[in-house]
Amino acid sequence: MIFRPRTRTTARPALRRVRTAPALRPLRHRLDPAAVEEIPLRAADGTRLGLTRVDSGDRGRPAVLLLHGHTASADMFLLPETRNLVDVLLDDGYEPWLLDWRGSCRLPYNETGGRYTYDDVALYDIPAAVAHIRERVGDRPLFVVAHCIGSLTLSLSMTAGLVPGLAGVVSQGVFLTPKLAGRTSLRMSLAGELLKSRIDHIPVDFRKVGLWSKYTPLFALASRKADCPDPTCQILHNSAWGTGASLFVHEHLTEATHDRLADLLGPAPLWILPHLRRIELARTVVRWHDTDHRYRALPPNALDAAARIDTPVLLLAGSENGLWLDSQKLCHEVLARRQPQLDVRYTEIPGYGHLDTFLGRGAALDVYGHILDFLGERR
């Protein structure tokens, strides 16, 4: 008789559940669902994006494309708990369009899927959205309101001549001349080198990663000297994904907005840091791909190609911006000196930070009027 040894079976470790399909997470809003048109959109490189049109019922309205920042999404313009930017645009006679480009937390690309750089957003995502909207709106004016990295990548598209003929652009937070605090720049460099072998992104929702995880030290570091006990708020408001910067003025958020920060801002991919670091060191938007012929349409240095900007630009920034500091003021000064023929103005919002210019409870009163005045002069 042959006895077969009994093999011990060990439980396999549970796999981390991540989204891999490029399906968009549903938007949260209080609009009539019949007025919200979700449009399947693919960039020229095949990447699935999200484009949303809010139908006012009036086909003659000027269109406004809204671009979110990296790890945010179109949700930041549709907060149901406040009077949001889409509400204001609809009431003032505009047709809002919202792009979820590949850095959106409604899509899975920051955690899974092929890696990308900001070159891809400038070359593929933004031009694809603009082209589709123009097919739909015809010769009606098309404006863009862009936030943070959405604005930074838009500047690269504009100086490449990929989105000509816009009626006007509102840039919030940063445009052509990024400027970070010294400690933020240093932490960004150190994080990229020290953490890249262990993790590929920094999460914001402590409930999903748990106490005993490789991310715990990051949340612990973010909690130092924090006034708010919420871990998600700490890693965003007190640390900006570990960089030591601050993304908003805390008291400007409603309780409802504060409670859904983990839905409004997703994980930050570490593999994007080399491009962001190169941009920050150059103090302008520079192309990452120098040898790949597919990206030759983009200028090596956007500031050097700023003469190609063919539309008025409003540079907006909160006076307490804890991430990009006075980047917009610097941009206005540099363009006034180097490209005095451009129509560029700068407006500072007293007492506001970075994200609260859109997420803040009082943004409709303190911020959106500047946007509407600018658009109204050019519609």
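Scroll up for the structure.
## Notes on the packing of helix 2 (residues 118-137) against helix 3 (residues 149-159)
For step 1, the next point in the chain: Contact pair helix 2 / helix 3: the axes reach a minimum separation of 8 Å and the direction vectors enclose 80 degrees. On the basis of the axis angle, helix 2 is roughly perpendicular to helix 3. On helix 3, the residues touching Y118, D119, V121, A122, I126 and P127 of helix 2 are I149, G150, T153, L154, L156 and S157.
For step 2, the next point in the chain: For the contact of helix 2 with helix 3, the residue count by class is eight nonpolar, three polar and one charged.

## Structural notes on the pattern of salt bridges
For step 1, the next point in the chain: Per the stated rule, a full pass over the model turns up 25 salt bridges.
For step 2, the next point in the chain: R106 is paired through a salt bridge with E38; the nearest N and O atoms lie 3.6 Å apart. Of this pair, R106 sits in the loop between strand 4 (95-100) and helix 2 while E38 sits in strand 1 (residues 36-42); the two residues are 68 residues apart in sequence, bridging distant segments of the chain.
For step 3, the next point in the chain: E38 sits in the partly exposed class, given a relative accessible area of 39%.
For step 4, the next point in the chain: Among the ionic pairs, D100 bridges to R106, the shortest N-O distance being 2.6 Å. For the pair formed by D100 and R106, the shared burial category is buried.
For step 5, the next point in the chain: Each of E37, R53, D55, R59, E95, R136 and R140 takes part in one network of salt bridges that share partners.

## Digging into the packing of aromatic side chains
For step 1, the next point in the chain: Throughout the structure, instances matching the rule amount to six aromatic pairs.
For step 2, the next point in the chain: Taking the centre distance of 5.3 Å and the plane angle of 85 degrees together, the rings of F77 and F358 count as edge-to-face. Linking F77 in the loop between strand 3 (63-67) and helix 1 (85-91) with F358 in helix 12 (residues 356-359), this pair joins segments that are 281 residues apart in sequence.
For step 3, the next point in the chain: On the basis of relative accessibility, which here comes to 1%, the residue F77 falls in the buried class.
For step 4, the next point in the chain: When its relative accessible area of 2% is taken as the criterion, F358 is described as buried.
For step 5, the next point in the chain: Directly above the ring of Y94 sits R379, whose terminal nitrogen or CZ lies 4.3 Å from the centroid.

## A few points about the environment of G60
For step 1, the next point in the chain: Tracing the backbone shows G60 in the loop between strand 2 (48-54) and strand 3.
For step 2, the next point in the chain: When the C-alpha atoms of G60 and E81 are compared, they prove to be 29 Å apart, with 21 residues separating the residues in sequence.

## Thoughts on the pairing of strand 4
For step 1, the next point in the chain: When you tally the buried positions in strand 4, you get six out of six residues, the bulk of the element.
For step 2, the next point in the chain: Of the two faces of strand 4, the one lined by E95, W97 and L99 and the one lined by P96, L98 and D100 are each fully buried.
For step 3, the next point in the chain: Sheet topology note: the strand 2/strand 4 ladder contains four bridges and is antiparallel. Within the sheet, the bridge partner assigned to G50 lies in strand 4 and is D100.
For step 4, the next point in the chain: Bridge count between strand 3 and strand 4: five bridges; the pairing is parallel. The residue of strand 4 that forms the bridge with V64 is P96.
For step 5, the next point in the chain: One crossover worth recording links strand 3 to the parallel strand 4 by way of helix 1, and it is right-handed.

What counts, and at which threshold
Residues numbered from 1 in each chain as written. Predicted model: local features only at pLDDT ≥ 70, side-chain atom pairs only at ≥ 80, totals over all residues. Heavy atoms only, no water. Axes fitted to C-alpha atoms, helices over the stretch in contact; angles between N-to-C directions. Helix = DSSP H or I, 4+ residues; strand = E, 2+ residues; numbered from the N terminus. Parallel < 35°, antiparallel > 145°, perpendicular 65-115°, else oblique. Contact = heavy atoms within 4.5 Å. Nonpolar A, V, L, I, M, F, W, Y, C, P; charged D, E, K, R; others polar. Salt bridge = Lys/Arg side-chain N within 4 Å of Asp/Glu carboxyl O. Buried < 20%, exposed > 50% of the residue type's maximum accessible area, 1.4 Å probe, protein only. Phe/Tyr/Trp six-rings, centres within 6.5 Å; stacked < 30°, edge-to-face > 60°. Lys NZ or Arg CZ within 6 Å of the ring centre and 35° of its normal. Pairing = 2+ DSSP bridges. Right-handed = clockwise from strand over helix to strand, strands pointing away.

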